[in-house]
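# Observations on chain architecture
Take a look at the letters that make up each chain.
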Amino acid sequence: MDSLTQIVLGAAVGEAVLGRKVGNKAMLYGAIAGTIPDLDVMAKHFTDSVSAIEWHRGITHSIFFSVLFAPLFGWLISKLERKLPATWKDWSWLMFWGLFTHPILDAFTTWGTQLFWPFDLRLAFQNIFVIDPLYTLPFLVFLILAMRQKRDSPKRWRYNAMGLVVSSLYMGLTLVLKGVAYMKITDSLEEQGIAYQQMDIRPAPFNTILWSANIDAGDFYLIGNYSFFDTSPMEFVRYPKNHHLLGALDGNEKVERLKKITGGWFTISEKEGQLYFNDLRFGLMSLEANEEQFAFNYKLLPNNGDLLVEETPKLKRDGKRLLSALWERMWGI
């Protein structure tokens, strides 16, 4: 999830674990714990693009990391906050839950997380977008209300608990909505007589009313969007896989790693003699039927026997255009 959401979750968890002993300091260190796992994004400054993608939500988002580093961070905080009535074990327990709930939350997103690192298993339930105001804003309001109460006030505990409960209930609701959307999309495929091998669905950005579907239909993918407000049959747009365009690059070590990262959901496109690796998991840059630009795609650049992989930058104007289109499409337009 986005940084604000992880800060809110970490602060709420910190308050639940140690708020009655140390007050707002529990929220502060919980928020820090909720931020630490995402420091893995710094890898992009020290390594190549493919390695940076692999490391993101890798070891720092694992149970192993939480168990290993919670006591270390707890010891450090106990030295910094000697005047507070909390022990090294107290701070370690707070840091563990702050670190551990971060990847748990991320597991519900499209990107997923390697919770069981070093085992090669990425959890991605794909039932919530990385930024969802309906999850974060009520959670934030309850946290602020709790923060304004005295340390020993019953209202403080109650507000914080309400934030955790409401956000968790909404998360559960998104799983139900995904199940309903899955059935609706499956029905549309059957009604249109479309044969397929696999289907992958996820919520569109910032909401859980509009859902996007990737359909593996053999030599091509079908991509479609379904809104709970739709009144007309679902439409699918065809995208050839074009895996053959890789040519001699097929089997290249970096290309194989990209395939693994995407779980096989990718297409290859060629523009002006340049090859692009398109990650289908995060959708397109617009909802137009002729859109060919994917949110995440990578330029493949052979270079003296090596292969450079460069992520194509995203433009702000494309994001604004997509948001406007999503708002209309969400209401069934």
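Everything numeric in this text was worked out from a predicted model, so none of it was measured.

## Concerning the packing of aromatic side chains
Across all of its chains, the model carries 21 aromatic pairs by this definition. Ring geometry for F229 against W331: centres 5.1 Å apart, planes inclined by 45 degrees, an arrangement best described as tilted. Here F229, found in the loop between β3 (220–227) and β4 (236–240), pairs with W331, found in the segment after α9 (316–330); they are 102 residues apart in sequence, far enough to count as distant. When its relative accessible area of 39% is taken as the criterion, W331 is described as partly exposed. An aromatic cluster of at least three residues, connected via ring pairs, comprises W93, F96, W97 and F100. The ring of Y221 carries K241 above its face, with NZ or CZ at 4.9 Å from the centroid. Seen from the ring of F296, K314 lies directly overhead, with NZ or CZ sitting 4.1 Å from the centre.

## Some remarks on the nonpolar core
Core analysis: the largest hydrophobic core is formed by 20 residues, its most contacted members being L18, V22, W91, L94, M95 and L99. Looking at this core, the elements that each hand over two or more residues are α1 (3–22), α2 (24–35), α4 (63–80) and α5 (88–106). With six residues, α5 is the largest single contributor of residues to this core. Not counting the four nearest positions on each side in its chain, M95 is found in contact with Y29, A33, I36, A70, F73, G74 and I77.

## A short note on the sheet that holds β4
Ordered in space as β1-β2-β3-β4, the four strands form an open sheet in which the pairing is antiparallel. Single-partner strands in this sheet number two, and they are β1 (198–203) and β4. Neighbour-to-neighbour, the strand axes of this sheet turn through a mean angle of 20 degrees, independent of strand direction. Taken together, the six bridges between β1 and strand β2 (residues 210–216) define a ladder with antiparallel strand orientation.

## Comments concerning a nonpolar patch on the surface
On the surface, a nonpolar cluster with roughly 540 Å² of combined accessible area is contributed by L72, W75, L76, L80 and W88. Note on placement: L72 falls in helix α4.

## With respect to the packing of α1 against α2
Close contact between α1 and α2 brings their axes to 6 Å; oriented N to C, the two are set at 145 degrees. Handedness of the α1/α2 crossing: right-handed. Residues Q6, I7, G10, A11, G14, E15, L18, G19 and V22 of α1 form the contact with α2, whose own contacting residues are N24, K25, A26, M27, G30, A31, G34 and T35.

## Quick word on the environment of F64
You can see F64 is positioned in helix α4. Separated by 214 residues in sequence, F64 and N278 place their C-alpha atoms 32 Å apart. If near-sequence neighbours (up to four positions away) are discounted, F64 is found in contact with I59 and W117.

## Looking at unusual backbone geometry
With an omega of 15 degrees, the peptide bond running from W117 to P118 counts as cis. Note on placement: P118 falls in the loop between α5 and α6 (133–147). In this structure, Q126 takes a positive phi of about 55 degrees despite not being glycine. One can find Q126 in the loop between α5 and α6. In this model, F206 sits at a positive phi of 70 degrees, which is unusual for a non-glycine residue. Position of F206 relative to the elements: it lies in the loop between β1 and β2.

Calculation notes
Residues numbered from 1 in each chain as written. Predicted model: local features only at pLDDT ≥ 70, side-chain atom pairs only at ≥ 80, totals over all residues. Heavy atoms only, no water. Phe/Tyr/Trp six-rings, centres within 6.5 Å; stacked < 30°, edge-to-face > 60°. Helix = DSSP H or I, 4+ residues; strand = E, 2+ residues; numbered from the N terminus. Buried < 20%, exposed > 50% of the residue type's maximum accessible area, 1.4 Å probe, protein only. Lys NZ or Arg CZ within 6 Å of the ring centre and 35° of its normal. Core = buried A, V, L, I, M, F, W, Y, C linked by side-chain atoms within 4.5 Å. Contact = heavy atoms within 4.5 Å. Pairing = 2+ DSSP bridges. Axes fitted to C-alpha atoms, helices over the stretch in contact; angles between N-to-C directions. Patch = residues over 30% accessible without salt bridge, like charges linked within 9 Å, V, L, I, M, F, W, Y side chains within 5 Å. Areas by Shrake-Rupley, 256 points an atom, 1.4 Å probe, with all protein chains shown as cover. Salt bridge = Lys/Arg side-chain N within 4 Å of Asp/Glu carboxyl O. Left-handed = near helix turned anticlockwise from the far one by under 90°.

Function-wise, these values are silent; they only describe arrangement.
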